[in-house]
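# Architecture at a glance
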Amino acid sequence: MIAELLEDYGYEQERFAITWVSSAEPDRFVSAVRSHSRPGSSLIEEGDMGVTTALEWLSSCSGCEIAILNIGEGLVPLLTEHLDIVHAPVLMDHKYFGQCGDEGLHLQIPEAVVGIVSGGVSNEEHLEVLEEMRKKCKVLIALGSCATQGGIPALMNGQDSASSFDEIYQTPSTDKGAKRPDEIVPALLDRTYAVDEKVKVDLTLPGCPPNPAHIAEVISALLGDREPELPTKSVCDTCPTKREGKGSVTTVKRYTENVEFDPEKPVSEMRCLLEQGYMCMGPVTAAGCARRGAPSCIDARVPCRGCFGSVMPKGNQMLDMMNALASNGIDFKSVVDRRSMLRFSGAHGNLRPKRRAAVKEE
Amino acid sequence: MGKVLHIQPVTRIEGHARISVHLNDEGNVEDAYMSLMSLRGFEKFIEGRPAEEVPRIVNRICGICPWMHHTASNKAVDGCFGVTPTPTGHKLRELLQVMAHINDKILHFFFLAAPDFVLGPDADYSVRNVIGVVKAAPELASQVVKMRQLGQMMLDRFAGKAIHPIAAVVGGFSKPMLEAERQELLKDTQTLLDFSQYALDYAKKNVFSKYMDVIGELGVITTGFLGTVDREDGSFRIYDGRQRLMKADGSYVDFEAEDYLEYLGEHVEPWGYGKMPYAKSWDEGFSLDLDAPKGIYRANTLARLNVCDQMSTPKAQAALEEFREAFGRPAQATLLYHYARLIELVYACERTIELLEWDGITDTDVRAKVTPGAGRGVGVVEAPRGTLIHDYSTDANGCIESANLIVGTTHNIGPMNMSVKQAATSLIKDGAYDQGILNKVEMAVRAYDP
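Keep in mind that this is a model prediction, so the values were computed, not measured. (Residues numbered from 1 in each chain as written. Chains lettered and ligands numbered in written order. Predicted model: local features only at pLDDT ≥ 70, side-chain atom pairs only at ≥ 80, totals over all residues.)

### Quick word on the sheet that holds strand β13 (residues 386–394) of chain B
Residue and element names in this part refer to chain B. What counts, and what does not: Between any two strands, at least two bridges found by DSSP are needed for them to pair. Runs of H or I in DSSP of at least four residues are treated as helices and runs of E of at least two as strands, each being numbered from the N terminus. Between N-to-C directions, angles cover 0 to 180 degrees, with each direction set by a line fitted to C-alpha atoms, over the stretch in contact for helices. We call two residues in contact when their backbone-placed C-beta atoms lie within 7 Å.
With respect to topology, three strands assemble into an open sheet ordered β12-β13-β14, the strand pairing being antiparallel. The open sheet has two edge strands, β12 (375–383) and β14 (400–406), and neither has a second partner. On average, each strand axis in the sheet is tilted by 15 degrees relative to the strand beside it, whichever way the strands run. Here β13 pairs with β14 via six bridges, running antiparallel. Across the sheet, the residue bridging to Ile-389 is Ile-406, located in β14. Each of β12 and β13 is contacted by helix α2 (residues 66–81), which is oriented at about 155 degrees to β12, the strand it contacts most.

This is the structure in structure tokens:
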């Protein structure tokens, strides 16, 4: 019956699957999630031309698009043979309202097999573009942590965004009396959303930026009608630093001095940064950033801040990290600005404005 | 009845913009705007964050120029905490920032702008892009893709991350450079320097000489300029120096970054989220009037070349001399931004080599002692898109109390609006327009690389 209902709502059979899992069956849950997240590769039909692909960016910085370009050697054949890019504001000139800007009032994106969206959803235009992408693309990929978890712009979810946006037009360099613009520009939503809070997403690829190798892997898996091989572990699980036990560490240091290491020796000779007393989000963060063995911040001898988002599906990096600290006898109150542990995953309701002190009603 | 053309999205730029061209009953341009469509709020959501964390948050303002936000922010936090980076820490930051300019320029000129010139402004939209360039000029394209990748991987290998870097830190840098790393970077930069000269020659031959008539007309406006110059001799600088604000007649004032509020203001119009900086110190107010603009100056490549007295590296200096010989100082033609961009590419390669050859670059004293506390710091660097200003105040705990940012692109929002209006007005006559004409209007924006 659920299946029929879903079909009534316009979800073709190919686009969903239903499996019953009880709460006591974690393994079955994992395998069900894996099989459900099959990116609908069977939807792709073979043809002489490349696979039609549309790219869009919402509340974003273009770092994800640069990560695509950083695929390197495989980039040229990807762009010229394997994919047929029909829409991509950063690279090509397809327009929403016809090429002369005089066709219709509703934005149009061409149909495509694959849709790739970066950025979170924070204004009405983002929402309109995203809904159009969902409508026109068979397989929708959310690329980068903004799209998958809100990313840095979702830090705004931790405060009263309406008054904050107003205050941006009241800085000391801004003309006195200026007001937040409200003509032509799209209205802001109440907060920044991850893409899957607004439309169904077939595949998520987090990271700030995402790893070019994973972007290439996902595309090649789609083209080859197979499952993509993506990391499932935590940053810690993949970190080569030496662990010797936490020793006498009971508080967390701010990163205002360099960590201890011998520059002549590899990262595997450096002691774990948590054990050195620094806040490092490795235990609760999804792996995937490593490109030369070690996680990329660790490679620069800098602690992790969690840019791939939570390693647990629907996890909360702040609560999980506090738990990890507390269970190791470390005083979590020594963490300055605990909310910024959610700096990459503030969507999905994780970050909310602090409640103001209750005002007594007379 | 008149109508409005919505060129949206403006494409092959870094960001979200829309051009609205208002036509009157006769089909002539009554007005034209370029509106920035996105607002994220970095100034507000970094409030309360520990200041030493901010350089790795604000880099997300821009995924193409994250290094410049990263270094400007670190300089601002140095100021807040009253710390002077060690000489090596300071130079490593400059090195990485200058290296980041290299692939930015390759990206903009060849991936975003070149399709208009290689395939022609009127080519159909479906081929007028980097994929079209790859098909039309495969050898050039494969070289370009390789060089950009090389530039990105140099950053990535040494600093852990090319996009959204973490290795510059308050007080200096997170790790020293090994001799082997220095040698490898030197070798790779030499390759890029050779390419940069090839790129400049290629563009002089195939773009600038071929499109001289378009350059002389498209989007041309008359404004002042803002950039950074060396404190001692007025040479071109992108990491550290004094700000120079030049009027259209070539006269200028120099000022220190922390005094920017006396010289620059920001004007707001209701039709775009981007604020429009203007020269407050000229005391003439703000106007985008094409014949008599008020307070309008430009930033980014052409501006930097106009304000500097000379380039400090030999090959870039030779290119600047040739440029000035041809176009004067200050040069005003908007499409010359592309020419200036390629001269900066040569400089960035030469300067990278200079910094790598500096004896102290492999010193291990890379980070000064830092104590978080209350203070104010203004960090300014030259981002690819213009002078980038980060101004922070911290509380006693060293957390951000307030922040004011003026990012590179915004300096040019006013001028881009003027160039759009100039281009649209001169190209659209009596209701006659097509996709090629509207693309030329966009080319006036693209030159600014917003």
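Following the structure, the description resumes.
### Here we look at α2 of chain B
All names here are of chain B. The criterion, for reference: By this rule, a helix spans an expected 1.5 Å times one less than how many residues it contains. Burial in this document is a count-based property: other C-beta atoms within 10 Å of a residue's C-beta are tallied, and the residue is buried at 20 or more, exposed at 12 or fewer, or partly exposed in between, with C-beta positions derived from the backbone.
The end-to-end C-alpha distance of α2 is 22 Å, a good match for the 22 Å that 16 residues give at a rise of 1.5 Å each. Within α2, 16 of the 16 residues are buried, which leaves it mostly tucked inside the rest of the structure. Downstream of α2 by a residue or two, Gly-82 has a phi angle that is positive, lying close to 65 degrees.

### Quick notes on the environment of Pro-66 of chain B
Tracing the backbone shows Pro-66 of chain B in helix α2. Take Pro-66 of chain B: there are 28 C-beta atoms within 10 Å of it, and that puts it in the buried class. For the pair Pro-66 of chain B and Ile-163 of chain B, spaced 97 residues apart in the sequence, the C-alpha separation amounts to 6.4 Å. Excluding residues within four positions of it along the chain, Pro-66 of chain B makes contact with Gly-63 of chain A together with Asn-59, Ile-163, His-164 and Pro-165 of chain B.

### Focus: unusual backbone geometry
Residues and elements named next belong to chain B. With an omega dihedral of -5 degrees, the bond running from Gln-8 to Pro-9 counts as a cis peptide bond. Residue Asn-300 is not a glycine yet carries a positive backbone phi of 90 degrees. Following the sequence through the fold, Asn-300 ends up in the loop between β11 (297–298) and α9 (301–307). Positive phi, normally seen in glycine, also occurs at Asp-449, with a value near 55 degrees. Relative to the helices and strands, Asp-449 resides in the segment after α14 (435–446).

### Side note on the nonpolar core
As a reminder, the rule being used: Each nonpolar core consists of buried Ala, Val, Leu, Ile, Met, Phe, Trp, Tyr and Cys residues. Their C-beta atoms, within 7 Å, join them into a set.
Ranked by internal contacts, the top residues of the largest apolar core, which has 242 residues, are Val-114, Val-117 and Ile-141 of chain A together with Leu-96, Ile-343 and Val-420 of chain B. For this core, the leading source of residues is helix α3 (residues 87–118) of chain B, giving 16 residues. For Val-117 of chain A, the residues in contact, after removing those within four places along its chain, are Glu-56, Leu-58, Leu-130, Met-133, Leu-140, Ala-142, Leu-143, Ala-147 and Val-195 of chain A.

### A look at the pairing of strand β3 (residues 112–118) of chain A
All names here are of chain A. Taken across its seven residues, β3 has seven buried, putting it largely inside the fold. In terms of strand pairing, strand β1 (residues 51–57) meets β3 through five bridges, oriented parallel. Bridging from a neighbouring strand, Glu-56 pairs with Val-117 of β3. One ladder, built from six bridges, connects β3 with strand β5 (residues 137–143); its direction is parallel. Each bridged residue has a counterpart across the sheet, and for Gly-115 the counterpart in β5 is Leu-140.

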